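Tertiary structure, described
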Amino acid sequence: MNRAHTGRSAWGRSRFGGGTGVLLTVSLAIGAGCAALLGGLFARTVNAESPWLAFALLAVATLPVFSALSWVLLVDRGTITEAAERPEESVESDWYAKAAAGAFQDFLFVGGIGAAVFAFLGIDARVELVLAAVLVVLMLDFGARYLWQKRRATR
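Just so it is clear, the structure is predicted and the values come from calculations on it, not from any experiment.

For the rest of this paragraph, the subject is the packing of aromatic side chains. For the structure on display, the rule yields six aromatic pairs. Grouped by ring-pair contacts, the aromatic residues W95, Y96, F142 and Y146 constitute a single cluster.

Here is the structure:
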């Protein structure tokens with residue numbers, strides 16, 4: 001089908017009306033405002049030699065993230081070319097749910113065993129390092145389970 005006929009585009013249209021240009025402009029404006037706000041807060045709270053540099057670095061680093069998040073919140077999903085009509089009923093959604101459930105069960109098991117080992121052996125560790133390690137292991141576990149579900153389904 002012709003894109004102009006269906007009213008769909010690669011970037012979609014906004015939920016509040018207007019075309020792709022309006023959606024992207026508003027998303028970038030909201031992203032820039034949020035990035036500037038966070039950069040300003042960072043520059044005021046961190047004891048930096050160059051607060052303007054701290055502001056600029058954080059604002060530039062977070063601008064794409066805030067703009068993308070704004071786009072996700074504002075886009076009318078039905079106007080995106082080749083978007084699934086009901087993504088919650090897709091096979092990928094099923095793989096995701098199975099991988100997430102398995103990773104959560106692994107977390108409960110490993111977290112319980114790990115807590116018991118740390119308590120009985122009297123291991124003293126920095127909380128932020130332990131939590132970071134747990135997070136990395138969970139992400140790897142989820143990723144491996146997702147890929148396994150995908151491979152199993154495509155055989």
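Structure's up, so let's keep going.
Once that is clear, we can look at the pattern of salt bridges. Across all of its chains, the model carries four salt bridges by this definition. R145 is the salt-bridge partner of D106, the closest N and O atoms lying 3.1 Å from each other. With D106 in helix α4 (residues 91–121) and R145 in helix α5 (residues 127–153), the pair connects residues that are 39 residues apart, well separated along the chain. You can call D106 partly exposed: its relative accessible area is 24%. Exposure remark for R145: the relative accessible area of 29% places this residue in the partly exposed category.

Moving on: a nonpolar patch on the surface. A cluster of nonpolar side chains, F109, V110, I113, V117, F118, L121 and I123, forms an exposed patch at the surface whose accessible area comes to about 670 Å². Here V117 lies in helix α4. V117 sits in the partly exposed class, given a relative accessible area of 36%.

What follows deals with helix α3 (residues 51–74). Residue pairs three or four apart in sequence face the same way in an α-helix, which turns once every 3.6 residues. With 24 residues, α3 should cover 34 Å at 1.5 Å per step; its first-to-last C-alpha distance of 32 Å lies within 8% of that length. Within the span of α3, buried status applies to A54, A59, T62, S67, S70 and L74. On its buried face, α3 sits against β1 (13–14), α2 (20–45) and β2 (75–76).

Rules used in this analysis
Residues numbered from 1 in each chain as written. Predicted model: local features only at pLDDT ≥ 70, side-chain atom pairs only at ≥ 80, totals over all residues. Heavy atoms only, no water. Phe/Tyr/Trp six-rings, centres within 6.5 Å; stacked < 30°, edge-to-face > 60°. Salt bridge = Lys/Arg side-chain N within 4 Å of Asp/Glu carboxyl O. Helix = DSSP H or I, 4+ residues; strand = E, 2+ residues; numbered from the N terminus. Buried < 20%, exposed > 50% of the residue type's maximum accessible area, 1.4 Å probe, protein only. Patch = residues over 30% accessible without salt bridge, like charges linked within 9 Å, V, L, I, M, F, W, Y side chains within 5 Å. Areas by Shrake-Rupley, 256 points an atom, 1.4 Å probe, with all protein chains shown as cover. Expected span 1.5 Å × (residues − 1). Contact = heavy atoms within 4.5 Å.

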